[in-house]
Amino acid sequence: MARNKHPEETVNLILEVAFQLFMKKGYEHTSIQDIINNLGGLSKGAIYHHFKSKEDILFAVTDRMTEESNRMLGVIRDRTDLNGKDKLKMIFKESILRPVQDEIFTVAPNLSSNPRLIYSMFRETVVEAAPDYIVPIIKQGIVDGSIKTEYPEELAELIILIANIWMNPMIFDNTVEETCRKSMLFQQMMRGFGLDIVDDEMLERLRELAIIYQKNK
């Protein structure tokens, strides 16, 4: 039956199965054959028709994970009714309040056993998200006076790396208390830059996500 699917449906099936296996077994311990075995009859040749390698599948999985987030970032970046600082605050707030975060933290993937997936996330963060979305917002903030920095590119990378990597309990397996301490330091750090973009509601939401992760890991 899988052979009769339209190409887009086939690609989606491959990526969904690969994502589940990467989360469960880890990228390094997931083979192309493992993916094939869970595709309901799809052949190895059909997989290689869409992807050149397992690494290509990994990057496609990461792209799909970040696609929705990037759409949200783009909408906020392009708003004309907010200054730069307010856009940064909205991006952080909307990112952690999205209902899909509950699903991700409930699955509780062991990212520490997925070094290639972490690298892929890191690459997406630094190479695409920071320059495409955060840097333009910071530069707008410099122009409108809401953000003061001589290093917009570096500040963009710092913010997004701390928020997406360093504060992520699924990477460092942080306890709830450790996650809360990191969140409060992030709040303090941003205030040191004159960016009061992390409020108490966000801190509580990060605590909730940490509790969900610890409960389901």
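Refer to the preceding data block for the structure.
Because the structure is predicted, anything quoted here is derived from the model rather than measured.

All right, on to the packing of helix α4 (residues 54-77) against helix α7 (residues 115-144) then. Close contact between α4 and α7 brings their axes to 10 Å; oriented N to C, the two are set at 25°. If you check the angle between α4 and α7, you find them roughly parallel. Once α4 is placed against α7, the crossing between them reads as right-handed. In this structure, α4 contributes E55, L58, F59, T62, D63, T66, N70, L73, G74 and R77 to the contact, and α7 contributes R116, L117, S120, M121, R123, E124, D132, Y133, P136 and I137. Its residues assigned to classes, the contact of α4 with α7 shows eight nonpolar, five polar and seven charged.

This brings us to the packing of α7 against helix α8 (residues 152-166). One way to put it is that α7 packs onto α8 with a least axis distance of 8 Å and a crossing angle of 125°. For the element pair α7 / α8, the angle class is oblique. For the element pair α7 and α8, the recorded crossing hand is right-handed. On α8, the residues touching F122, T125, V126, A129, A130, I134, V135, I138, K139 and I142 of α7 are P152, E153, L155, A156, E157, I160, L161 and N164. Its residues assigned to classes, the contact of α7 with α8 comprises 13 nonpolar, two polar and three charged.

Calculation rules
- Residues numbered from 1 in each chain as written.
- Predicted model: local features only at pLDDT ≥ 70, side-chain atom pairs only at ≥ 80, totals over all residues.
- Heavy atoms only, no water.
- Axes fitted to C-alpha atoms, helices over the stretch in contact; angles between N-to-C directions.
- Helix = DSSP H or I, 4+ residues; strand = E, 2+ residues; numbered from the N terminus.
- Parallel < 35°, antiparallel > 145°, perpendicular 65-115°, else oblique.
- Left-handed = near helix turned anticlockwise from the far one by under 90°.
- Contact = heavy atoms within 4.5 Å.
- Nonpolar A, V, L, I, M, F, W, Y, C, P; charged D, E, K, R; others polar.

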